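A look at the structure
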Amino acid sequence: MINFTVGPVQSSDAVRAIGAEQVPYFRTAEFSELMFENERLVKKFAHAPEGSRVVFITGSGSAGMETAIMNTLSPKDKAIIVNGGSFGHRFVELCELHEIPFTEIKLNPGKALKAEHLKDFEGKGYTTFIVNKHETSTGVHYDMQLISDFCKRNNLFLIVDCISTFLADPFDMAALGADVMITGSQKALACPPGISVMALSPKSLERIDRIKCKCQYLDLKIALKNAERGQTPWTPAVSILRQINARLKEIDANGGVEAEIARTAALANYFREKIKGLPFEIVSESLSNAVTPLHPTTASANDIFLKIKDEYGMWICPNGGEMKDTVFRVGHIGALTTEDYDKLVDAFKDLQKKGFI
């Protein structure tokens, strides 16, 4: 099977080889050094500001989202949430659950965030801005410079979910003034799912220090204290952390984050050129390099997903809910090649020849 989804994605041979090894004991100096290296490289690739820290939570990206809300916000805050799909809605649910006052900017699927959406929030006493940099469910990549400028004008604490866009699209945490950056091991890091990575600015560290987290397992005070010695407070997903280390070093050796972004962009552009003439419409107003969201004009999106899986041995990414039959997605992250995309496009063309699409 060839995997064109947006997570989990295909891993390199070096990453997969580590997954086949016995899990080592981790309360050692050697594992601590590996974790220090992981932190150093994540900060480097995220362009994190001086004095930032990185923590690795054993859990999916959603664990990182909830950890950020629980540890950096309180009922005294007043947040703006961009809600343009299922992952923006998850932040809405988290703020409701943890009693964080908020207002949401509700966007229709596929629609970009624009200056007109922000103008009514200028100078209104908000403290925080929460956004999924890439709303993976609809394939919309938000304008972070627009958001950054707004947050700087209004002195807002900025939480950014970069789960599917980190290493796929440019992100300069320091230049943007972002305070929390969240990603996950199963996206462009191209490792198995199970680790949420969080880069934390000095401003966020101050908030964490004064806010009481009502969850021991996700308490960043405890995680940061243990990270000082290169460890985690609880037993982590040891093998995945070792795989992340191999992947980060692989990226560093191949030219760093800029080269990885360029590689992903080239795959995305190659695929988008190859599907011209097929009965698909790109539904996002603002595309990420990570994924191409497509609306098939002649068939059910879910039926195409099933056909590609069952008859051609490839996974594309289905949607759920209202978009189940209208939109599927093709990812460009992970260990993929142009030859892989040729096979997928040939499968689409074969379905077209058979009259299925």
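Residues numbered from 1 in each chain as written. Predicted model: local features only at pLDDT ≥ 70, side-chain atom pairs only at ≥ 80, totals over all residues. Heavy atoms only, no water.

**Focus on the sheet that holds strand β2 (residues 53–58)**
Stated precisely, the cut-off is as follows: Strands are labelled as partners when DSSP assigns at least two bridges between them. Helix and strand definitions here come from DSSP, where helices need a minimum of 4 consecutive H or I residues and strands a minimum of 2 consecutive E residues; each element is numbered from the N-terminal end. Axis lines are fitted through C-alpha atoms, for helices just across the contact stretch, and the angle between N-to-C directions can take any value from 0 to 180 degrees. Note on contacts: a residue pair qualifies if any of its non-hydrogen atoms lie within 4.5 Å across the two residues.
The strand order across the open sheet formed by seven strands is β2-β10-β9-β8-β5-β3-β4, and the pairing between neighbours is mixed. Here the strands that pair on one side only, and so sit at the sheet edges, are β2 and β4 (102–106). Shown here is a sheet whose adjacent strand axes are inclined to one another by a mean of 15°, direction ignored. Sitting on the sheet, helix α4 (residues 86–97) is in contact with β3 (79–83), β4, β5 (128–132), β8 (157–161) and β9 (180–184), with an inclination near 150° to β3.

**Re the environment of D252**
Our working rule: Counting of polar contacts relies on pairs of N or O atoms within 3.5 Å, with two restrictions inside protein: one atom must be capable of donating a hydrogen and the other of accepting it, and residues adjacent in sequence are counted only when both atoms are side-chain atoms.
Note that D252 resides in helix α10 (residues 238–253). For the pair D252 and F45, spaced 207 residues apart in sequence, the C-alpha to C-alpha distance is 8.8 Å. If we ignore the near neighbours within four places in the chain, the residues touching D252 are L41, K44 and F45. Side chain to side chain, D252 and K44 meet in a polar contact 2.8 Å long.

**A closer look at the environment of G125**
This is how the line gets drawn: Partly exposed describes any residue whose relative accessible area lies between the buried limit of under 20% and the exposed limit of over 50%, with all areas from a 1.4 Å probe on protein chains only and scaled to the type maximum.
By the element assignment, G125 lies in the loop between α5 (115–118) and β5. Judged by its relative accessible area of 54%, G125 is exposed. Sequence-wise, G125 and K78 are 47 residues apart; in three dimensions their C-alpha atoms are separated by 7.5 Å.

**Focus on the sheet that holds strand β11 (residues 280–282)**
The strand order across the open sheet formed by three strands is β11-β12-β14, and the pairing between neighbours is antiparallel. Two strands bound the open sheet, and with one partner strand each, they are β11 and β14 (328–331). Between one strand axis and the next, the sheet turns through 40° on average, direction left out of account. Of the pairings in the sheet, the one linking β11 to strand β12 (residues 291–296) comprises three bridges and is antiparallel in character.

**Here we look at the packing of aromatic side chains**
To keep things clear, this is the line we draw: Here a pair means two rings of Phe, Tyr or Trp (six-membered ring of Trp) with centres within 6.5 Å. Their orientation is stacked below 30 degrees between planes, edge-to-face above 60, and tilted elsewhere.
Throughout the structure, instances matching the rule amount to 10 aromatic pairs. Ring geometry for Y217 and W234: centres 6.2 Å apart, planes at 20°, overall stacked. One end of the pair, Y217, is in the loop between α8 (202–210) and α9 (220–227); the other, W234, is in the loop between α9 and α10, and 17 residues separate them in sequence. Judged by relative accessible area, which is 36%, Y217 ranks as partly exposed. For W234, a relative accessible area of 28% translates into the label partly exposed. Ring geometry for F328 and F348: centres 5.8 Å apart, planes at 40°, overall tilted. Placement of the pair is F328 in strand β14 and F348 in helix α13 (residues 338–353), with a sequence separation of 20 residues.

**A short note on helix α2 (residues 29–46)**
What counts here: Take the number of residues in a helix, subtract one, and multiply by 1.5 Å to get its expected span.
Under the 1.5 Å per step criterion, the end-to-end length of α2 is 26 Å for 18 residues, consistent within 8% with the ideal 26 Å. Of the residues flanking the end of α2, it is H47, one or two places downstream, whose phi is positive at about 55°.

**Observations concerning empty space enclosed by the protein**
Note the following rule: Space inside and on the surface of the protein is sampled on a 1 Å grid over the protein atoms alone, with a cavity defined as a set of points where a 1.4 Å probe fits but cannot get out and a pocket as an open set with protein on both sides within 12 Å along at least 5 of 7 lines; lining residues have an atom within 4 Å of a point. Grid points are joined across faces, edges and corners, and a volume is the space filled by probe spheres set on the points. We call Asp, Glu, Lys and Arg charged. Ala, Val, Leu, Ile, Met, Phe, Trp, Tyr, Cys and Pro are nonpolar, and the rest, Gly among them, are polar.
Following the criterion strictly, the structure yields one cavity of 30 Å³ or more and no others. The computed volume of the largest cavity comes to approximately 210 Å³. What lines the largest cavity is a set of 19 residues, among which F56, A223, Q231, T232 and P233 lie closest to the centre. For the lining of the largest cavity, the secondary-structure elements that each account for two or more residues are α2, β2 and α9. Considering each element in turn, the lining of the largest cavity owes the most residues, five residues, to β2. In the lining of the largest cavity, the residues fall into 12 nonpolar, five polar and two charged.

**Notes on the packing of α8 against α9**
Rule in force here: To sort the angles, those under 35 degrees are grouped as roughly parallel, those over 145 as roughly antiparallel, those from 65 to 115 as roughly perpendicular, and the leftovers as oblique.
Running from N to C, α8 and α9 point in directions that differ by 120°, and their axes come no closer than 9 Å. Considering the angle they form, α8 stands oblique to α9. Between α8 and α9, the residues in contact are L205, I208 and D209 and L220, K221 and L224, respectively. Class assignment for the residues of the contact of α8 with α9 results in four nonpolar, no polar and two charged.

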